Amino acid sequence: MYMDVKSRPQSDTTWERLLLKFSCNDTVIYLFIVLGAGLTMKIFRHTISRSISALFACWTHNYKDLDQQSSISKGHRCHFCKKHIRKVGCGQHIRKLEKRSSADLDYPTKKWLGTPIEELRRTPKCSSPLLSLRHSNCHTVTIRTDLLQQGMVPKPYPTQVKDVWDGNHVKMPFSDQNLYPVEYKEGVKSVDRRWDLIQTKLRTRFYHPKDLKDAIMQYNKSYISKWDFTAFNKLCNEVLERNESKYLLEEVLPKMVELALKLPHVCTHPIPLLKQSMNHSITMSQQQIACLLANAFFCTFPRRNARTKSEYSNYPDINFSRLFEGTSPKKAEKLKTLLCYFRLVTQDMPKGLVTFTRQSLKSFPSWKGSEKLLPRLHVTWEGTIEADGKGMLQVDFANKFVGGGVIGAGLVQEEIRFIINPELIVARLFTESLAVNECLIITGTEQFSDYEGYAEFYRWVGSHTDSTPRDAWQRRCTEIVAIDALCCSSFLEQFKPGNIRRELNKAYCGFFRDGECPKNLSAVATGNWGCGAFGGDPRLKALLQIMAAAEAGRDVAYFTFGDSILMTDIYEMYKGLTDRKFTVGKIYALLEQYYNEVCRHCMTGRPTITLYCFISDILGSDSEFIDTEDVCSPGPTPLPRHGPNLSGLAPAPGPGPSSVSAPSGGNSGVYSSDED
């Protein structure tokens, strides 16, 4: 394998040429020779620093023939035009790269490219009028719609609780069928209602963190040796100030208990399970969601603790037991964020509704035959989906078990969104894992916390006041779609035509709305979907999401989360395609051609020619686009490649989407979790 540009010594000095002829075993001897040469301090500093860098690169890459690796004269080619060269690129493309490096890599002066974000459609301005909210076979509504008023907590429906204990509904903690074995002091054994035991134990006072554990374990005794409350103990004893810990134990937790024990009076309607292949919606009040989440915090949901070989093994876990365990600082920040939510809702209960919709599609577009042109695109390296994509369809880079590691150790894009908008977590109670043709759409959740950082550096900052307007159903105009990306076992796997179609179909499922006119659809706010632990290529995933949005009739706002080079690469590729009026079908054919000509015969972990370089070759030699990823990772000599096959790839006639460059002046990103 070859060193990349960043690690290969760039100078042709005599010292470095001499150095590259030494084997790794001679490096220590050579270092002492240099030290004893009596060089001046200036020469010593310059030579030794560069020599050590080369020695380190030599050692780490374990070269057998450094002289051959340092000279690219033996059969190496420019990665842009494939001419034989002695440097990274031929003169023409090196000049382009130098031009880009000097003119375009000063990215703080260009914060965005494409269409101004203000011109993209947002709800509620672009939305069509809502129909009357009512219960139907495909829509479960758990509140009194006739009494729904702005500024009032919705009334539950029906008035009296309806207890259903079957395989199609959530099994509730208060059910008469939820029984628990009890042994009395006299040795008499009995089976009692578990809800009675829950009420008795939770109504005890909390003076110390272990009091919470003692209460929860009284009705979860089979897990007494498995559940660990270290994280909660650490939060109270080490992270919070003494007065804060006292306030949490003596004020917040008792109010949370009171909220949880209202469950039979607040959630009176049986909650259906959103199973695979269903197209069904559930609309419930924010009060009902808060009550359900309080029960999840106290681990009261039956049959949901076993992780394997249970009736809910294909559902995410919902009880918060895993949130209390471990010593990671991340757990303390997650707990602070969620406890902020409970503190706020117990002080002033929100008065809106939230809708959860499972969408399962049976048919998808013919991607190769699509005549759709690419939509408008805004791409930026700054900002976040939740802050700058308000009113847009906001993408959750999801796990097929929605929420991923939100109540475990995960703390990246999906998990962060779920804890700052905790009402999303309740979807884990009733949503079966997503199939390849499905997504989950959540409309109306509210943001309760501000944060900074990401993953290990995540920090809760404080409470957030959500000013997002409400629609006619009293839902916040925040629409989030959970779509799970393909988890790649290798980098090349994602370029297979079958996997390309899988990702296009998944994104299309999330973006498509049956019966809606494109002018009433908001733009998609997205980013590097599936590019963390799932191993996706950000440049490929950006192109696929833009193609899916085009087919669904939506514009795109793409957030690269601090990566200014990726921003420019995406925009230059987009501009090259739109300037030549390439349709979605023509681009899909290019992706197939890239796999057949480059990836299928690749003998290394990554292709020598990157996707964007391959497409820019086909778009024409006059293209100014150069993929810096390809320049920085030249890899082995590529296999000879014939000229591009342009049959069937002629640009489509007709006007293309407009594209406006950003004037000069002037991050939640990838999905992963502890379950990956």
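Source: prediction; values computed, not measured.

Basis of the calculations
Residues numbered from 1 in each chain as written. Predicted model: local features only at pLDDT ≥ 70, side-chain atom pairs only at ≥ 80, totals over all residues. Heavy atoms only, no water. Helix = DSSP H or I, 4+ residues; strand = E, 2+ residues; numbered from the N terminus. Buried < 20%, exposed > 50% of the residue type's maximum accessible area, 1.4 Å probe, protein only. Areas by Shrake-Rupley, 256 points an atom, 1.4 Å probe, with all protein chains shown as cover. Core = buried A, V, L, I, M, F, W, Y, C linked by side-chain atoms within 4.5 Å. Contact = heavy atoms within 4.5 Å. Pairing = 2+ DSSP bridges. Axes fitted to C-alpha atoms, helices over the stretch in contact; angles between N-to-C directions. Phe/Tyr/Trp six-rings, centres within 6.5 Å; stacked < 30°, edge-to-face > 60°. Lys NZ or Arg CZ within 6 Å of the ring centre and 35° of its normal. Salt bridge = Lys/Arg side-chain N within 4 Å of Asp/Glu carboxyl O. Parallel < 35°, antiparallel > 145°, perpendicular 65-115°, else oblique. Nonpolar A, V, L, I, M, F, W, Y, C, P; charged D, E, K, R; others polar. Expected span 1.5 Å × (residues − 1). Left-handed = near helix turned anticlockwise from the far one by under 90°. Polar contact = N/O pair within 3.5 Å; in protein donor to acceptor, adjacent residues only side chain to side chain. pLDDT = per-residue confidence, 0-100.

1. So, the overall build of the protein chain
- Helix and strand counts for the protein chain stand at 21 helices and 14 strands.
- Across the 676 residues in the protein chain, those meeting the buried criterion constitute 55%.
- Of the roughly 29,800 Å² that the protein chain leaves accessible, carbon and sulfur atoms contribute 52%.

2. Observations concerning the nonpolar core
- Leu292, Phe297 and Phe430 are the most contacted members of the largest nonpolar core, which totals 91 residues.
- The greatest single-element share of this core, amounting to nine residues, is contributed by helix H12 (residues 329-347).
- For Leu292, the contacting residues outside a window of four places in its chain are Met172, Leu263, Cys267, Ile271, Met284, Phe301, Val426 and Leu429.
- Counting 74 residues, the second-largest nonpolar core is a separate cluster that includes Ile385, Ala525, Ile546 and Met573.

3. A word on the sheet that holds strand E8 (residues 393-398)
- In space, the ten strands of this open sheet follow the order E1-E7-E14-E13-E8-E12-E9-E6-E5-E2, with mixed pairing throughout. Strands at the two margins of the open sheet, each flanked by one partner only, are strand E1 (112-114) and strand E2 (139-141). Here the strands of the sheet are splayed against their neighbours by 20 degrees on average, with no regard to which way each runs.
- Bridge count for strand E5 (residues 280-285) against strand E6 (residues 353-360) is six bridges, and the pairing is antiparallel. Each residue of the ladder has a partner; that of Ser281, found in E6, is Thr357.
- Helix H17 (residues 538-552) rests against strand E7 (377-380), strand E13 (524-526) and strand E14 (556-559) of the sheet, and its axis sits at about 165 degrees to E14.

4. A closer look at the side chain of Thr142
- Tracing the backbone shows Thr142 in the loop between E2 and strand E3 (179-183).
- Of the residues examined, Thr142 reaches a relative accessible area of 4% and is grouped as buried.
- Discounting residues that sit within four places of it in the chain, Thr142 has contacts with Pro156, Tyr157, His269, Thr283, Met284, Ser285 and Gln288.

5. A look at the packing of aromatic side chains
- All chains considered together, the criterion is met by 21 aromatic pairs.
- On the basis of an interplanar angle of 70 degrees and a centroid distance of 6.1 Å, the ring pair of Phe297 and Phe320 is categorised as edge-to-face. With Phe297 in helix H11 (residues 286-297) and Phe320 in the loop between H11 and H12, this residue pair connects regions lying 23 residues apart in the sequence.
- On the basis of an interplanar angle of 70 degrees and a centroid distance of 5.8 Å, the ring pair of Phe297 and Phe342 is categorised as edge-to-face. Taken together, the residues span a long stretch of sequence, with Phe297 in helix H11 and Phe342 in helix H12 at a distance of 45 residues.
- Residue class for Phe297 comes out buried when judged on its relative accessible area of 2%.
- Residue classification places Phe342 among the buried residues on the basis of a relative accessible area of 1%.
- Over the face of the ring belonging to Tyr312 we find Arg304, whose NZ or CZ atom lies 4.3 Å from the ring centre.

6. A closer look at the pattern of salt bridges
- Counted under the stated rule, the structure contains 27 salt bridges.
- For Asp176, the salt bridge is made with Arg193, and the minimal N-O distance between the two is 2.9 Å. Linking Asp176 in the loop between E2 and E3 with Arg193 in strand E4 (residues 189-193), this pair joins segments that are 17 residues apart in sequence.
- Of the charged contacts in the structure, one is a salt bridge between Glu479 and Arg513, with a shortest N-O distance of 3.2 Å. Taken together, the residues Glu479 in strand E12 (residues 479-484) and Arg513 in the loop between helix H16 (497-511) and E13 connect sequence positions 34 residues apart. Summarising the burial analysis for this pair, Glu479 and Arg513 share the class buried.

7. Concerning the packing of helix H8 (residues 230-239) against H12
- Interhelical geometry of H8 versus H12 gives an angle of 85 degrees and a closest axis separation of 9 Å. With respect to their mutual orientation, H8 and H12 come out roughly perpendicular. Touching Ala231, Phe232, Leu235 and Val239 of H8 are Lys331, Ala332, Leu335, Lys336 and Leu339, all from H12.
- For the contact of H8 with H12, the class distribution of residues is seven nonpolar, no polar and two charged.

8. Observations regarding H16
- Between its terminal C-alpha atoms H16 stretches 21 Å, which fits the 21 Å expected from 15 residues at 1.5 Å a residue.
- When we look at burial in H16, the residues that qualify are Asn499, Ile500, Arg502, Glu503, Leu504, Asn505, Lys506, Ala507, Tyr508, Cys509, Gly510 and Phe511.

9. Let's talk about the packing of helix H9 (residues 242-260) against H12
- It is the contact of H9 with H12, at a shortest axis distance of 10 Å, that shows an interaxial angle of 65 degrees. Viewed along their axes, H9 and H12 form a crossing whose handedness is left-handed. Contacts from Tyr247, Leu248, Val252, Lys255, Met256 and Leu259 of H9 reach H12 at Leu339, Phe342, Arg343, Val345, Thr346 and Gln347.
- Class assignment for the residues of the contact of H9 with H12 results in eight nonpolar, two polar and two charged.

10. Regarding the side chain of Arg358
- Turning to its location among the elements, Arg358 is positioned in strand E6.
- At a separation of 2.9 Å, a polar atom in the side chain of Arg358 contacts the main-chain carbonyl oxygen of Ser433.

11. Some words on unusual backbone geometry
- Thr123 connects to Pro124 through a cis peptide bond whose omega is 5 degrees.
- The linkage connecting Tyr157 with the following residue, Pro158, adopts the cis geometry, with an omega of -5 degrees.
- For Pro158, the position within the fold is in the loop between E2 and E3.
- A positive phi angle is found at Cys299, which is not glycine, with a value near 60 degrees.
- Assignment of secondary structure puts Cys299 in the loop between H11 and H12.
- Judged by relative accessible area, Cys299 falls into the buried class, the value being 0%.
- Even without being a glycine, Ala455 presents a positive backbone phi close to 55 degrees.

12. Focus: helix H14 (residues 413-420)
- Of all eight residues in H14, eight are buried; the element is thus mostly enclosed.
- Residues of H14 that are buried include every one of Gln413, Glu414, Glu415, Ile416, Arg417, Phe418, Ile419 and Ile420, and no others.

13. Concerning the confidence of the model for the protein chain
- Mean pLDDT for the protein chain: 82, with 76% of residues reaching 70 or above.
- Contacts of residues 1-25 to residues separated by more than four positions or lying in other chains number 55 contacts, the stretch itself having pLDDT below 50.
- Counting contacts from residues 27-32, a segment whose pLDDT is below 50, to residues more than four positions away or on other chains yields nine contacts.

14. With respect to the environment of Ala260
- With respect to the helices, strands and loops of the structure, Ala260 is situated in helix H9.
- On the basis of relative accessible area, Ala260 is assigned to the buried category, the value being 0%.
- Residues Ala260 and Gln288 lie 28 residues apart in sequence; the distance between their C-alpha atoms is 9.9 Å.
- If near-sequence neighbours (up to four positions away) are discounted, Ala260 is found in contact with Trp195, Cys291, Ala294, Asn295 and Phe298.

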